[in-house]
Amino acid sequence: MRELLVVVDMQTDFVDGALGTKEAQNIVENVVTKVKSAKECGKDIIFTMDTHQENYPETQEGKKLPVAHCIKGSKGWEIIPKLQELAQDCMIVEKPSFGSTQLAHIAARGQYERIELVGLCTDICVISNAMILKSSLPEAEIFVDANCCAGVSPESHRNALEAMKMCQIEIL
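Residues numbered from 1 in each chain as written. Predicted model: local features only at pLDDT ≥ 70, side-chain atom pairs only at ≥ 80, totals over all residues. Heavy atoms only, no water.

**A few points about the packing of helix α5 (residues 101-109) against helix α6 (residues 122-136)**
In step 1: It is the contact of α5 with α6, at a shortest axis distance of 9 Å, that shows an interaxial angle of 40 degrees. Taken together, α5 and α6 sit at an angle that is classed as oblique. The chirality of how α5 crosses α6 is right-handed. For the pair α5 and α6, contact is made by Leu103, Ala104 and Ala107 and by Asn129, Ile132, Leu133 and Ser136, respectively.
In step 2: Here the contact of α5 with α6 is built from residues that sort into five nonpolar, two polar and no charged. (Axes fitted to C-alpha atoms, helices over the stretch in contact; angles between N-to-C directions. Helix = DSSP H or I, 4+ residues; strand = E, 2+ residues; numbered from the N terminus. Parallel < 35°, antiparallel > 145°, perpendicular 65-115°, else oblique. Left-handed = near helix turned anticlockwise from the far one by under 90°. Contact = heavy atoms within 4.5 Å. Nonpolar A, V, L, I, M, F, W, Y, C, P; charged D, E, K, R; others polar.)

Here it is as structure tokens:
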């Protein structure tokens, strides 16, 4: 069975930078353990990176969320230090918005039967990518590890998990 782990947006700005939260900081060790385990089992791993340009304030997202974050090349855009070494030999998918159709195309080409997502934020980018993957690969088993995800708030994290369950995405 072909398996893929998708590590969503574990970047400095989402953990302890411009949009960081205590909840995001609390999942770091769980995500590190998950990535190490996936490597030991020979699973493919893709890291996504929220990637904005200097014109972020002029974009639709920038107007609705006026907090500059994940500007390409900035410290906040980088994968967090605890995951940088683990990410070195993995595929990186930069994405200018919440979800990535490129990620879905890669997963489809790889003919993955089981895809697990971890990372940030449950209620924005994790749910967006999980839904795109489920739509693109309806017969693939899609999982989200709740202990390796954090949302903008604990309530929005729980709401996103419930929404994904309704769309036949398994919550671990």
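We are not done yet, so read on.
**Quick notes on the pairing of strand β2 (residues 44-50)**
In step 1: With six of its seven residues buried, β2 lies for the most part within the structure.
In step 2: As defined by bridge partners, strand β1 (residues 3-8) adjoins β2 across five bridges and the pair is classed as parallel. Bridged to Val6 within β2 is Ile46.
In step 3: Taken together, the five bridges between β2 and strand β3 (residues 91-95) define a ladder with parallel strand orientation. Residue pairing in the sheet places Thr48 in a bridge with Val93 of β3. (Buried < 20%, exposed > 50% of the residue type's maximum accessible area, 1.4 Å probe, protein only. Pairing = 2+ DSSP bridges.)

**Examining the pattern of salt bridges**
In step 1: Overall, the coordinates contain 12 salt bridges when judged by the stated rule.
In step 2: A salt bridge links Lys43 to Glu3; the shortest N-O distance between them is 3.5 Å. Taken together, the residues span a long stretch of sequence, with Lys43 in the loop between α2 (22-40) and β2 and Glu3 in strand β1 at a distance of 40 residues.
In step 3: Residue classification places Lys43 among the partly exposed residues on the basis of a relative accessible area of 26%.
In step 4: Glu3 sits in the partly exposed class, given a relative accessible area of 25%.
In step 5: Between Lys39 and Asp89 there is a salt bridge, and its shortest N-O distance comes to 2.4 Å. (Salt bridge = Lys/Arg side-chain N within 4 Å of Asp/Glu carboxyl O.)

**Structural notes on the packing of α6 against helix α7 (residues 154-166)**
In step 1: Direction vectors running N to C along α6 and α7 enclose 15 degrees, while the axes themselves pass 9 Å from each other. What the angle tells us is that α6 and α7 run roughly parallel. Between α6 and α7 lies a crossing of right-handed hand. Residues Thr122, Asp123, Val126, Ile127, Ala130 and Met131 of α6 pack against Ser156, His157, Ala160, Leu161, Ala163 and Met164 of α7.
In step 2: For the contact of α6 with α7, the residue count by class is eight nonpolar, three polar and one charged.

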